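Examination of the molecular architecture
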Amino acid sequence: MPWDGISSRQIKDLFIADTTYQTVDGITIGRYLFDVLDDFYGHDCSNFETFIATLETILNYILNATNIGGINEGNTSFTPAILKLKDEIDSLLTGKTIDEKRIYCGNLFRHFVNLVIDRIDEYNNNVLDDKFEIINNNLIAFVKYFLCRNYSVKFYTTNYDNIVPQLLRESFKVYEGLYKSPLLDKRFNFDLDAFHIARLSHFNIHGSIFLKHTIVDIQYETLYSSFAQHLTHALAINAGNPSERLLFSPIITGYNKTQRMVNKPFNLGFSALTNDLNDSDGLITVGYSFSDPHINCILSSFTSWNKAKFIHVTKYDGDFDNPSNREYFQLGSVTQIYKREEDNIWLHDINNRKHIYKQGFDVFLSNNLNWKRLLE
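The paragraphs below set out a description of the structure included in this document. (Residues numbered from 1 in each chain as written. Predicted model: local features only at pLDDT ≥ 70, side-chain atom pairs only at ≥ 80, totals over all residues. Heavy atoms only, no water.)

1. Comments concerning the overall build of the chain
- What the chain contains, in helices and strands, is 15 helices and 11 strands.
- A compact globule built from 376 residues should have a C-alpha radius of gyration of about 21 Å, and the chain, at 22 Å, falls within 12% of that.
- Seen through its C-alpha atoms, the chain measures out along the principal axes to roughly 65 × 50 × 40 Å.
- Excluding contacts between residues fewer than 6 apart, the proportion of contacts in the chain whose partners are at least 24 apart in sequence is 64%.
- Within the structure as shown, the chain displays about 19,100 Å² of accessible surface, and the carbon and sulfur contribution to it stands at 51%.
- Looking at charge distribution, the chain has the averaged site of its 36 positive side-chain charges lying 5 Å from that of its 45 negative ones. (Helix = DSSP H or I, 4+ residues; strand = E, 2+ residues; numbered from the N terminus. Rg over C-alpha atoms; globule rule 2.2 N^0.38 Å. Contact = heavy atoms within 4.5 Å. Areas by Shrake-Rupley, 256 points an atom, 1.4 Å probe, with all protein chains shown as cover. Lys, Arg positive; Asp, Glu negative; His and termini not counted. Charge placed at Lys NZ, Arg CZ, Asp CG, Glu CD.)

2. What to know about the packing of helix H2 (residues 29–41) against helix H3 (residues 48–65)
- Put simply, H2 and H3 touch, their axes get as near as 11 Å, and they point 100° apart. Relative to H3, the element H2 is oriented roughly perpendicular. Listed contacts from H3 to Ile29, Gly30, Leu33, Phe34, Leu37 and Tyr41 of H2 are Phe48, Thr50, Phe51, Thr54 and Leu55.
- In terms of residue class, the contact of H2 with H3 is built from eight nonpolar, three polar and no charged. (Axes fitted to C-alpha atoms, helices over the stretch in contact; angles between N-to-C directions. Parallel < 35°, antiparallel > 145°, perpendicular 65-115°, else oblique. Nonpolar A, V, L, I, M, F, W, Y, C, P; charged D, E, K, R; others polar.)

3. Looking at unusual backbone geometry
- That bond from lysine 264 to proline 265 is cis: its omega, -5°, falls within 30 degrees of zero.
- Residue position: proline 265 is located in the loop between helix H10 (257–261) and helix H11 (266–277).

4. Considering a negative patch on the surface
- A grouping of Asp39, Asp87, Glu88 and Asp90 is seen on the molecular surface, where their side chains present a negatively charged patch.
- Examining the composition of the negative patch, we find that three residues originate from one element, helix H5 (residues 87–92), more than from any other.
- Take aspartate 90: it is sitting in helix H5. (Patch = residues over 30% accessible without salt bridge, like charges linked within 9 Å, V, L, I, M, F, W, Y side chains within 5 Å. Salt bridge = Lys/Arg side-chain N within 4 Å of Asp/Glu carboxyl O.)

5. So, the sheet that holds strand S9 (residues 339–342)
- If you walk across this open sheet you meet the five strands as S7-S8-S11-S10-S9, and the pairing is mixed. Lying at the two open borders of the sheet, with one neighbouring strand each, are strand S7 (282–286) and S9. On average, adjacent strands in this sheet sit at an angle of 15° to one another, irrespective of strand direction.
- Here strand S10 (residues 346–349) runs beside strand S11 (residues 354–357); their pairing, made up of three bridges, is antiparallel. (Pairing = 2+ DSSP bridges.)

6. Here's the deal with the packing of H11 against helix H12 (residues 293–302)
- Packing of H11 against H12 leaves a shortest axis separation of 9 Å and a crossing angle of 25°. In terms of their interaxial angle, H11 and H12 are classed as roughly parallel. Seen along the crossing, H11 lies across H12 with a hand that is right-handed. Where H11 abuts H12, its residues Phe270, Leu273, Thr274 and Leu277 lie against His294, Ile295, Ile298, Leu299 and Phe302. (Left-handed = near helix turned anticlockwise from the far one by under 90°.)

7. Looking at the pairing of S10
- The side-chain alternation of S10 yields two buried faces, one formed by Trp346 and His348 and the other by Leu347 and Asp349.
- By the bridge criterion, three bridges tie S9 to S10 in an arrangement that is antiparallel. Bridge pairing in S10 places glutamate 342 opposite leucine 347.
- From the end of S9 to the start of S10, which pair antiparallel, there are three residues.
- Where S10 folds back on S11, the antiparallel hairpin that results is connected by four residues, among which asparagine 352 adopts a positive phi of roughly 60°. (Buried < 20%, exposed > 50% of the residue type's maximum accessible area, 1.4 Å probe, protein only.)

8. Observations regarding a nonpolar patch on the surface
- Taken together, Phe78, Ile82 and Leu83 make up a surface patch of nonpolar side chains, about 350 Å² in accessible area.
- Note on isoleucine 82: relative accessible area 60%, which makes it exposed.

9. So, H3
- In this model, H3 (18 residues) spans 25 Å end to end at C-alpha, consistent with the 26 Å of a helix rising 1.5 Å per residue.
- Of all 18 residues that make up H3, 16 are buried, and the element is covered over most of its length.
- If you check the start of H3, you find a side-chain oxygen 2.9 Å away from the backbone N of glutamate 49, and it comes from asparagine 47. (Expected span 1.5 Å × (residues − 1). Polar contact = N/O pair within 3.5 Å; in protein donor to acceptor, adjacent residues only side chain to side chain.)

10. Examining the pattern of salt bridges
- Taken as a whole, this structure holds 15 salt bridges when the rule is applied.
- The salt bridge partner of aspartate 35 is arginine 31, with a shortest N-O separation of 3.1 Å. Linking aspartate 35 with arginine 31, this pair stays in helix H2, spanning four residues, or about one helical turn.
- Accessibility expressed as a relative area gives 37% for aspartate 35, which makes it partly exposed.
- Taking the relative accessible area as the measure of exposure, arginine 31 reaches 29% and is therefore partly exposed.
- Of the charged contacts, one joins arginine 340 and glutamate 341 as a salt bridge, the two residues approaching to 2.7 Å between their closest N and O atoms.
- We classify arginine 340 as partly exposed; its relative accessible area is 41%.

11. Some remarks on the packing of aromatic side chains
- Considering all chains together, one arrives at 24 aromatic pairs under this definition.
- Members of the aromatic cluster, each reached through a chain of ring pairs, are Tyr156, Tyr175, Phe188, Phe190, Phe195, Phe203, Phe210 and Tyr224.
- Of note, lysine 96 hangs over the ring of tyrosine 104, and the distance from its end group to the ring centre comes to 4.5 Å.
- Against the face of tryptophan 346 rests arginine 373, its NZ or CZ located 4.7 Å from the ring centre. (Phe/Tyr/Trp six-rings, centres within 6.5 Å; stacked < 30°, edge-to-face > 60°. Lys NZ or Arg CZ within 6 Å of the ring centre and 35° of its normal.)

12. Describing the side chain of threonine 335
- Its location among the elements puts threonine 335 in the loop between helix H13 (326–331) and S9.
- In this structure the side chain of threonine 335 is engaged in a polar contact, spanning 2.4 Å, whose partner is the side chain of lysine 354.

These figures come from the coordinates and say nothing about function on their own.
Right, dumping it as structure tokens:
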């Protein structure tokens, strides 16, 4: 967010306002489906990930319901046999042939993923602008502070941009799990030792706007490109549950995250994260809502809590003891914090090993006294 990144709410508004796909009544697909979701939940609580999950569910239903010729449990999900589409969803496909339904649902999914990619690419292209000079220099100073004290610094992000490598590569060598190559599209190097020994590394564990799925030699492979990539084709990947084929997406969103995270190249990032956590002296989480169970499980299980210091950087005015504070409450699924003292800047646990910083990432980076808590 300090680099003018887009919020989850803004992406939802983007989906609602987009007029590319509309119902026969002229309502945008975004408005239409969010109204269906809000009616089901009883209030406005769904976000863009819920929306993408809805599109993927519709797509998977249609692809399996319209399979013909030699279908069996190995190539077709059982879902259409026991579920029926709601009338509201079925009305979107009224008058379309089987082929048109498959194409329409595939186009819907790709279109809204590409909307996210375009909006992220928009702010990602501006992070080196002069107006960000202070925070950019502070992030470089932050990394240098720990490297100069003989620590390794490992970045893992659920965002889809490449802000960190952009800012750091002018000053440092940043390892991203890629083979060295002069080509614009680089292959991933599935070598955990190379990741582990890197002094400075970065990985987008939930995917990146720079990923592309393309033919390499005689088979498909996911590459890391030098430019943002649109999702252009409906290509099946070797991921998902048995008989439930997932289509490639450069970003892991929606409700199929655990199925996608075991597929290349995402499994490289999660494996490296697990490996690094197990050997870490300090962990900083930034702006993380603790709402991804698969990440929470990894953080909880593999962080060296007996030795690692922990700082959660957030932006919040409230009190840790307030039960309405959802973010703090969910933090407990990763590690328990027993408050010793709290003010409007910090919360410290009783052992002074775990801390919550409440003034935001940009302010956190502005003072190296904040960083020293990982070493005290």
